[in-house]
Amino acid sequence: MPSLTALFVGLGSIGTRHLQNLTELCEKRGLTLRADALRSDPARPLRPGAAERLCAQFTDPADPAALPRYDLVFITNPTSLHADALRRLRGRAGAFFIEKPIFSAEQTGTDLSALLPAGQKAYVAAPMRWCGTMLALKQALKTLRPYCARVLCSSYLPDWRPGVDYRTVYSARRALGGGVTIDLIHEWDYLVDLFGRPAELYNLKGHYSELEIDSDDVSLYIARYPHLLAEVHLDYFGRGYRRSIELFCPEGSLVADFGAGTLTWPDGRVDRYEEPVNARYLREMDAFLDYALGAGGVSPNPPADALDVLKLTLGEV
C-alpha cells in the first residue's frame, strides 16, 4: 500500500481537524499515513482524536524521531509563528499547507523567497472557497452582472469556542496575530477569488465594544473595482452568527447566506446547500492532496496571492 508522511506544526483545534480529515481521505485513497507533530510542549494534552493518529512528537525538527523530509507539512501554529516555522522547515516538505492568515499584520513585508525554495509546492488555507453555498454562488455569477456587493461577517467572539475563555485565545491578542481585521480574512479572500483585486480600498477599524481584548473588534471597508463597488463589514460583537454577501444586479439582489447555507435569487427562489461545516474542509483537503501528490499543477491558493490578500485585509493597496 502506498505511504504518505505528514508533519503538523502545532495541533490546536484547526490542526486536529486537518489531521482527522487527512486520515479519513488517506484511508479512502488507499494510502498508509505516518503523521508526526512538532509542538512547543508535547506534554500538553492533545485534543480528542489526535493522539492515536500520531507516530511521534518532538519540539525540534532536528530531533532523531523526526524524518529528514515529509511529503506534507501543515503549518497550523499561531499566525505570528508561521514565518519562523517555514524558515526552520525550508526544503523539508514536498508540499506545505499553511493555515490562514499566512502571516501576522507586522509581517506583510516578509520575503517569501527566503522561506520557500524556488518550485516549492505550497497552499494557504481558504476553506470558504469550498463550501457548498460558495460553489453555487460561483456558478450563479456566470449569468449575473452585479453593480455592487455588500459583505457581512458578524459574530460574538466569546461564543466562538465554548468552554474556552475568549480573552486567552489568539483572536483576542494582537501580538499573536489576532483582531477581526486579520482573523476574518476569509471575506477578502473570497472577494478576490470572485472579482479580483480592487483598484481602490478604504478601511476603518478599531476596538469599540466592551470585549476584554487588545485587538480590533470591528473593521469596515469600501472598495472600488472597474465595474463594481463593494462594502465589507466585519465584527466580533454581533449577537448571533451572520455571514453573507448580497449582490445588487439588474434583475434584483442575489444573496448568498453562508450561515444558513442558502442562495436566494432575484426572483425569490431559494436554493439550499445546508451541510456540516466539515464538508468544506474535506473538499479543501481533497483538493490539496490532488495538488500536493500530482505532477506539477498550480496551487489553489499560492502564498504570494495569500500575502496580497493579507495586505488588502489590512487596508494596504
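Residues numbered from 1 in each chain as written. Predicted model: local features only at pLDDT ≥ 70, side-chain atom pairs only at ≥ 80, totals over all residues. Heavy atoms only, no water.

## Some thoughts on the packing of aromatic side chains
Ring pairs (aromatic) are described by centroid distance and by the angle formed between their planes. If you walk through the whole model with that rule in mind, you get ten aromatic pairs. Ring plane angle 90 degrees and centroid distance 5.2 Å describe the contact between Phe97 and Phe288, whose orientation is recorded as edge-to-face. Residue Phe97 is located in strand β5 (residues 93-98), and its partner Phe288 is located in helix α6 (residues 278-293); the two are separated by 191 residues in the primary sequence. A residue is classified by how much of its surface remains accessible, and Phe97, at 0% relative accessible area, is buried. Given the relative accessible area of 1%, Phe288 is considered buried. (Phe/Tyr/Trp six-rings, centres within 6.5 Å; stacked < 30°, edge-to-face > 60°. Helix = DSSP H or I, 4+ residues; strand = E, 2+ residues; numbered from the N terminus. Buried < 20%, exposed > 50% of the residue type's maximum accessible area, 1.4 Å probe, protein only.)

## Things to note about the sheet that holds strand β9 (residues 218-225)
On the basis of which strands lie adjacent, the open sheet formed by eight strands has the order β8-β9-β10-β7-β11-β12-β13-β14 and mixed pairing. At either margin of the open sheet sits one strand with a lone partner, and together these are β8 (200-206) and β14 (270-272). If you compare each strand with its neighbour and ignore which way they point, the axes differ by 10 degrees on average. Note that strand β7 (residues 148-156) and strand β11 (residues 237-249) share eight bridges and pair antiparallel. Directly across from Cys148, in β11, lies its bridge partner Phe248. Sheet strands touched by helix α3 (residues 132-140): β11, β12 (252-257) and β13 (262-264). Its angle to β12, the strand with the most contacts, is close to 155 degrees. The sheet contacts of helix α5 (residues 186-195) involve β7, β8, β9, β10 (228-235) and β11, and relative to β11 the element is tilted by about 10 degrees. (Pairing = 2+ DSSP bridges. Axes fitted to C-alpha atoms, helices over the stretch in contact; angles between N-to-C directions. Contact = heavy atoms within 4.5 Å.)

## Here's the deal with the nonpolar core
Ranked by internal contacts, the top residues of the largest apolar core, which has 72 residues, are Phe96, Leu137 and Ile245. Per-element accounting of this core gives the leading share, five residues, to helix α7 (residues 303-313). Ignoring anything within four residues of it in the chain, the contact list for Leu137 reads Leu194, Ile245, Leu247, Leu254, Ala256, Phe258 and Leu263. Counting residues in each nonpolar core, the second largest holds 25 residues, with Phe8, Leu31, Ala50 and Ala292 among its members. (Core = buried A, V, L, I, M, F, W, Y, C linked by side-chain atoms within 4.5 Å.)

## Let's talk about the pattern of salt bridges
Taken as a whole, this structure holds 20 salt bridges when the rule is applied. The partner of Glu24 in a salt bridge is Lys28, with the nearest N and O atoms 3.4 Å apart. Residue Glu24 and its partner Lys28 are both found in helix α1 (residues 13-29); the two are separated by four residues, about one turn of the helix. A relative accessible area of 31% means that Glu24 is categorised as partly exposed. A network of salt bridges, in which partner residues are shared, links Arg129, Lys138, Asp189 and Asp193. (Salt bridge = Lys/Arg side-chain N within 4 Å of Asp/Glu carboxyl O.)

## Here we look at the packing of α1 against α6
At a closest axis distance of 10 Å, the pairing of α1 and α6 adopts a crossing angle of 60 degrees. Of the possible angle classes, the one that applies to α1 and α6 is oblique. In the crossing of α1 with α6, the sense of the turn from one axis to the other is right-handed. Taken together, the residues of α6 that come into contact with α1 (itself represented by Ile14, Arg17, His18, Asn21, Leu22, Glu24, Leu25 and Arg29) are Asn278, Tyr281, Leu282, Glu284, Met285, Asp286, Leu289 and Asp290. Classifying every residue of the contact of α1 with α6 by side-chain character gives seven nonpolar, three polar and six charged. (Parallel < 35°, antiparallel > 145°, perpendicular 65-115°, else oblique. Left-handed = near helix turned anticlockwise from the far one by under 90°. Nonpolar A, V, L, I, M, F, W, Y, C, P; charged D, E, K, R; others polar.)

## What to know about α7
Among all positions of α7, only Pro303, Ala306, Leu307, Val309, Leu310, Leu312 and Thr313 are buried. The inward-facing, buried residues of α7 contact β5, β6 (121-124), α4 (180-183), α5, β8 and β9. One or two positions beyond α7, positive phi appears at Gly315, with a value near 85 degrees.

## Describing the sheet that holds strand β1 (residues 3-9)
Spatially, six strands are ordered β3-β2-β1-β4-β5-β6 in an open sheet, and the strand pairing comes out parallel. Of all the strands in the sheet, the pair left with one neighbour each is β3 (56-58) and β6. In this sheet, neighbouring strand axes are inclined to one another by 20 degrees on average, regardless of whether the strands run parallel or antiparallel. Pairing of strand β4 (residues 70-75) with β5, which is carried by five bridges, proceeds in the parallel orientation. Within β5, the position partnered with Val73 by the bridge is Phe96.

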